[in-house]
Amino acid sequence: MPERPTSPHLSVYKMFRYTLFTSFFNRATGVVLSVGLLVLVYWLMAVASGARTYARASTVLSLGIFKLVFAGLLIAFSYHLVAGIRHLIWDTGRGLERQQAKRSAWLVAGASIVLMIVFGYCVFLSGAHAS
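Conventions and cut-offs
Residues numbered from 1 in each chain as written. Predicted model: local features only at pLDDT ≥ 70, side-chain atom pairs only at ≥ 80, totals over all residues. Heavy atoms only, no water. Helix = DSSP H or I, 4+ residues; strand = E, 2+ residues; numbered from the N terminus. Expected span 1.5 Å × (residues − 1). Buried < 20%, exposed > 50% of the residue type's maximum accessible area, 1.4 Å probe, protein only. Axes fitted to C-alpha atoms, helices over the stretch in contact; angles between N-to-C directions. Parallel < 35°, antiparallel > 145°, perpendicular 65-115°, else oblique. Left-handed = near helix turned anticlockwise from the far one by under 90°. Contact = heavy atoms within 4.5 Å. Nonpolar A, V, L, I, M, F, W, Y, C, P; charged D, E, K, R; others polar.

Q: Please clarify how helix H3 (residues 64-91) should be interpreted in this entry.
A: Taking 1.5 Å of rise per residue, 28 residues should cover 40 Å, and H3 covers 40 Å from first to last C-alpha, within 8% of that figure. By the burial criterion, the buried members of H3 are Leu73, Leu74, Ala76, Ser78, Tyr79, Val82, Ala83 and Arg86. In the segment just after H3, Gly93 is the residue with positive phi, at about 95°.

Listed below in structure tokens is the structure:
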């Protein structure tokens, strides 16, 4: 029986490529956001269940560990949003050349950081002054 070609595997990459990183990170942020959906559902159920349940949920969600969770969700949301826009542009057939894809990978990273800072300021810093 003749040898069939095998599918490319991680071992064929000679170095860590930007396309590998951006693809992996986009998928990972999608998983993180899916898990974060459980926190949102918990909060919505508490809101719908009345003042007492909402007060308990507010206490739980105000713990320091959840502030880290919210920061992680903010990072995931920022990156996933910008990378999703990049994929929508790719769906039109634009930006698929090697140099364009490399440039857009850096653009996604930079725009994600800017968006994360803006969202972080709006959520964490301005929310602290509202109390």
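Q: For this particular structure, what's the right way to read the packing of helix H1 (residues 18-49) against H3?
A: A packed helix pair is summarised by two numbers, namely the angle formed by the two axes and the spacing between the axes. Packing of H1 against H3 leaves a shortest axis separation of 8 Å and a crossing angle of 130°. Taken together, the axis directions place H1 and H3 in an arrangement best described as oblique. Of the two elements, H1 crosses H3, and the hand of that crossing is left-handed. Residues Thr22, Phe25, Asn26, Thr29, Gly30, Val32, Leu33, Gly36 and Val39 of H1 touch H3, and the partners they reach there are Phe66, Phe70, Gly72, Leu73, Ala76, Phe77, Tyr79, His80, Ala83, Arg86 and His87. Looking at side-chain class alone, the contact of H1 with H3 contains 11 nonpolar, eight polar and one charged residues.

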